[in-house]
Amino acid sequence: MKSLVEAAKAVREHAHAPYSGFRVGAALRTPSGIYTGCNVENAAYPEGSCAETGAIAAMCAAGEREIEAVAVYAEGSQPIAPCGGCRQRLAEFAEPDTVVLLAGPDGVVTTTLGALLPGAFSGGHLA
Ligand code: THU
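Definitions and limits used
- Residues numbered from 1 in each chain as written.
- Predicted model: local features only at pLDDT ≥ 70, side-chain atom pairs only at ≥ 80, totals over all residues.
- Heavy atoms only, no water.
- Core = buried A, V, L, I, M, F, W, Y, C linked by side-chain atoms within 4.5 Å.
- Buried < 20%, exposed > 50% of the residue type's maximum accessible area, 1.4 Å probe, protein only.
- Helix = DSSP H or I, 4+ residues; strand = E, 2+ residues; numbered from the N terminus.
- Contact = heavy atoms within 4.5 Å.
- Phe/Tyr/Trp six-rings, centres within 6.5 Å; stacked < 30°, edge-to-face > 60°.
- Pairing = 2+ DSSP bridges.
- Axes fitted to C-alpha atoms, helices over the stretch in contact; angles between N-to-C directions.
- Near = heavy atom within 4 Å.
- Polar contact = N/O pair within 3.5 Å; in protein donor to acceptor, adjacent residues only side chain to side chain.
- Areas by Shrake-Rupley, 256 points an atom, 1.4 Å probe, with all protein chains shown as cover.
- Nonpolar A, V, L, I, M, F, W, Y, C, P; charged D, E, K, R; others polar.

(A) A look at the nonpolar core. Counting 20 residues, the largest nonpolar core has Leu28, Ile67, Val70 and Leu90 as the members making the most contacts within it. For this core, the elements supplying multiple residues, two or more each, are strand E1 (24-30), helix H2 (51-61), strand E3 (69-74), strand E4 (99-104) and helix H4 (113-116). For this core, the leading source of residues is H2, giving four residues. Leave out the neighbours within four places in its chain, and isoleucine 67 touches Leu28, Arg29, Ile56, Met59, Leu90, Phe93, Ala94 and Thr98. Counting ten residues, the second-largest nonpolar core is a separate cluster that includes Leu4, Val5, Ala8 and Leu101.

Okay, here's the thing in structure tokens:
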């Protein structure tokens, strides 16, 4: 798990966050390897994207669809809390018991996707 946090911390260095100044890195462990992403902001604020979203896009572009574990790294006053939209995006490719590591300079908080997004809407609801 340490390498997953390190991957999230490393990719954070590439974040484009000139507006918020809040840089985030995300790393996804999958059966085929680790995929990473950083937040990419835009002068048209709503067009920016989160680190988790970038990591999911990289994973899918590589042909992978299964998230085994997640790490998100940011440097704030408290452990990073993935936004609601990214919790839903992660749920598309992960399970309620998938471990999510919320990491920062003060350490790592370990939780699960189910704890972050109880009662998630899923493809099963569309049937
Ligand atoms: N952000 C992420 O990349 N991931 C999260 O889990 C929460 C927020 C980004 C979006 C925006 O670029 C900046 O952090 C401030 O909200």
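Here the narrative resumes.
(B) Molecular detail of the packing of aromatic side chains. The full count for this structure, using the stated rule, is one aromatic pair. Measuring from ring centre to ring centre gives 5.5 Å for tyrosine 19 and tyrosine 45, while their planes differ by 45°; the resulting arrangement is tilted. With tyrosine 19 in the loop between helix H1 (2-12) and E1 and tyrosine 45 in the loop between strand E2 (33-38) and H2, this pair connects stretches of sequence that are 26 residues apart. Residue class for tyrosine 19 comes out partly exposed when judged on its relative accessible area of 41%. The exposure class of tyrosine 45 is exposed, given its relative accessible area of 62%.

(C) Molecular detail of the sheet that holds E3. One open sheet accounts for five strands, arranged E2-E1-E3-E4-E5; its pairing is mixed. With partners counted over all chains shown, the strands left at the sheet margins are E2 and strand E5 (107-112), one partner each. Put simply, the sheet's adjacent strands are angled 20° from each other on average, direction ignored. Bridge count for E1 against E2 is six bridges, and the pairing is antiparallel. Each bridged residue has a counterpart across the sheet, and for threonine 30 the counterpart in E2 is glycine 33.

(D) Highlighting the site of the ligand. Neighbouring the ligand are Ser20, Phe22, Val24, Asn39, Glu41, Cys50, Ala51, Glu52, Ile80, Ala81, Pro82 and Cys83. A distance of 3.0 Å is found between an oxygen atom of the ligand and a side-chain nitrogen or oxygen belonging to asparagine 39. In the model, an oxygen atom of the ligand is placed 2.6 Å from a nitrogen or oxygen of the glutamate 41 side chain. In isolation the ligand offers 380 Å² of accessible surface; the protein chains occlude 77% of this area. Its residues assigned to classes, the shell around the ligand comprises eight nonpolar, two polar and two charged.

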